[in-house]
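# Close look at the chain arrangement
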Number of protein chains: 2
Amino acid sequence: MLRDWLGVAVAEARAGLAEGGVPIGAALIGADGEVLGRGHNRRVQDGDPSLHAETSAFRAAGRQRSYRGTTMVTTLSPCWYCSGLVRQFGISRVLIGEATTFSGGHDWLADHGVEVIILDDRACVSLMERFIAEHPALWREDIGDDEQP
Amino acid sequence: MLRDWLGVAVAEARAGLAEGGVPIGAALIGADGEVLGRGHNRRVQDGDPSLHAETSAFRAAGRQRSYRGTTMVTTLSPCWYCSGLVRQFGISRVLIGEATTFSGGHDWLADHGVEVIILDDRACVSLMERFIAEHPALWREDIGDDEQP
């Protein structure tokens, strides 16, 4: 089941890559296992820095009265922005493809009662390793790293 | 100067209120004092839960190479979602109208090197007090509070 959910996020990441974007994908899964929303990073495609993969999936799910029992599945460890989203809206669980190429706020979320599962998925690592090597400036921009390399 | 910046955010909040929305406004101010982007909460207007005031302003500012020296001005203490945005992108300062009716992650931001200024503005407090009294369920939805009142 968890691998199926990650598969939705990976498909989103690959769609983003094919569009020339940052290859990170996510989905918000309901308490009953249905996909409430799915999406990918849209910085390049829409010129929109506010749409990380997780916020895209959250947006696609529309207004919800409660996020209790939901799971945010994402190909990459959520940055502080996306970790804050999870905490504020009470999303119960975060399922992460990998936290090797980037590590955001997942430990903080675990400290605040969110169930965190890291799958350490090799395909997710490869996707980001290649993207970071080929587009280092774009990657730094996406995580707000303005240091010169 | 700070009161002028807050005025931009308050104008956004009032525009949101006039549209029937959650009356919280924000603006991202550049290092030179120019308004890079401004916006307000759009949950009701667009059916979009991802657009809090701060994320609307951040989105409106478009892609930026660096947020060093920028100020996020907001009528209300930023929730965890919006606080995470500030931390991840290295926004230097947060100027807050009030933190009385709601308190989010501003202390956490201060602990992580963000300059935090709270103006304790009476008009901002009144705006939120009235909104929360008139639309308690909408307000709880906007901050992910799914407890029954």
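Just so you know, these numbers come straight off a predicted model, no measurement behind them.

Another point: the relation of the copies chain A and chain B. In screw terms, the move from chain A to chain B is a rotation of 180° and a rise of 0.0 Å along the axis, fitting with an RMSD of 0.0 Å. Both chain copies can therefore be described as sitting about a two-fold axis. When each C-alpha of chain A is compared by its distance to the rotation axis, A:Gly84 comes out closest, at 2.5 Å. Looking at chain A, 100% of its interface residues are interface residues in chain B too, so the copies touch through the same face.

So, on to the interface of chain A and chain B. Taken residue by residue, the interface counts 38 residues in chain A and 38 residues in chain B. For the pair chain A and chain B, the summed buried surface comes to about 3,300 Å²; carbon and sulfur atoms form 51% of the total. Of all residues in chain A, the largest losses of buried area upon contact with chain B belong to A:Arg63, A:Arg65 and A:Gln88, amounting jointly to 22% of the total for that side. The tally of links from chain A across to chain B stands at 8 salt bridges. In this structure, B:Glu147 engages A:Arg68 in a salt bridge whose closest nitrogen and oxygen atoms are separated by 3.4 Å. Applying the counting criterion to the chain A and chain B interface returns 19 residue pairs in polar contact (both at pLDDT 80 or more).

Ranked by internal contacts, the top residues of the largest apolar core, which has 60 residues, are A:Met72, A:Trp139, B:Met72 and B:Trp139. Non-local contacts of B:Met72, meaning those with residues more than four positions away in its chain, are made with B:Ala26, B:Ala27, B:Leu28, B:Glu54, B:Ala57, B:Phe58, B:Leu85, B:Val86, B:Ile91, B:Arg93, B:Val94 and B:Leu95.

All names here are of chain B. Taking 1.5 Å per residue as the helical rise, helix α1 (residues 2–18) with its 17 residues ought to reach 24 Å, and the 24 Å between its terminal C-alpha atoms agrees with that figure. Against β1 (25–29), β2 (35–40), α2 (43–46), β3 (71–76), β4 (93–98) and α6 (122–134) lie the buried residues of α1. One or two residues past the end of α1 sits glycine 20, with phi positive at roughly 85°.

Moving on: the UniProt feature "domain: CMP/dCMP-type deaminase" (unreviewed entry) in chain A. Per the UniProt record, "domain: CMP/dCMP-type deaminase" (unreviewed entry) is annotated on residues 1–116 of chain A. In residues 1–116 of chain A, helix accounts for 39% and strand for 22%; the two terminal C-alpha atoms are 15 Å from one another.

Residues and elements named next belong to chain A. In this structure, strand β4 (residues 93–98) lies alongside strand β5 (residues 115–118), joined through 4 bridges in parallel fashion. From the neighbouring strand, leucine 95 faces β5, where its bridge partner is isoleucine 117. As for the winding sense of the linkage, the β-α-β connection from β4 through helix α5 (residues 106–111) to β5 is right-handed.

Below, the discussion takes up the pattern of salt bridges. Tallied over the full model, the rule gives 24 salt bridges over all chains. Between A:Glu12 and A:Arg38 there is a salt bridge, with its nearest N and O atoms 2.8 Å apart. Taken together, the residues span a long stretch of sequence, with A:Glu12 in helix α1 (residues 2–18) and A:Arg38 in strand β2 (residues 35–40) at a distance of 26 residues. With its nearest N and O atoms 2.7 Å apart, the salt bridge here joins B:Arg63 to A:Glu141. Here B:Arg63, found in the loop between α3 (53–60) and β3, pairs with A:Glu141, found in helix α7 (residues 136–142), and the two come from separate chains. Assessed through its relative accessible area of 36%, B:Arg63 is described here as partly exposed. Judged by its relative accessible area of 10%, A:Glu141 falls in the buried class.

All names here are of chain A. In this fold, glutamate 54 is placed in helix α3 (residues 53–60). Within the buried set, glutamate 54 has no salt-bridge partner at all; the shortest N-O distance to an opposite charge, 11 Å, is to arginine 43. When sequence neighbours within four positions are dropped, the list of residues in contact with glutamate 54 reads Ala26, Met72, Thr74, Leu76, Pro78, Cys82 and Leu85.

Residues and elements named next belong to chain A. In this structure the tally under the stated criterion is 0 disulfides over all chains. Looking at the unpaired cysteine 79, the closest cysteine sulfur is the one in cysteine 82, lying at 4.0 Å. Assessed through its relative accessible area of 4%, cysteine 79 is described here as buried.

Rules and cut-offs
Residues numbered from 1 in each chain as written. Chains lettered and ligands numbered in written order. Predicted model: local features only at pLDDT ≥ 70, side-chain atom pairs only at ≥ 80, totals over all residues. Heavy atoms only, no water. Least-squares fit on C-alpha atoms with pLDDT ≥ 70 in both. Contact = heavy atoms within 4.5 Å. Buried area = accessible area lost by both parts, 1.4 Å probe. Salt bridge = Lys/Arg side-chain N within 4 Å of Asp/Glu carboxyl O. Polar contact = N/O pair within 3.5 Å; in protein donor to acceptor, adjacent residues only side chain to side chain. Core = buried A, V, L, I, M, F, W, Y, C linked by side-chain atoms within 4.5 Å. Buried < 20%, exposed > 50% of the residue type's maximum accessible area, 1.4 Å probe, protein only. Helix = DSSP H or I, 4+ residues; strand = E, 2+ residues; numbered from the N terminus. Expected span 1.5 Å × (residues − 1). UniProt positions renumbered as here; feature names shortened; annotations may be inferred. Pairing = 2+ DSSP bridges. Right-handed = clockwise from strand over helix to strand, strands pointing away. Lys, Arg positive; Asp, Glu negative; His and termini not counted. Disulfide = S-S within 2.5 Å.

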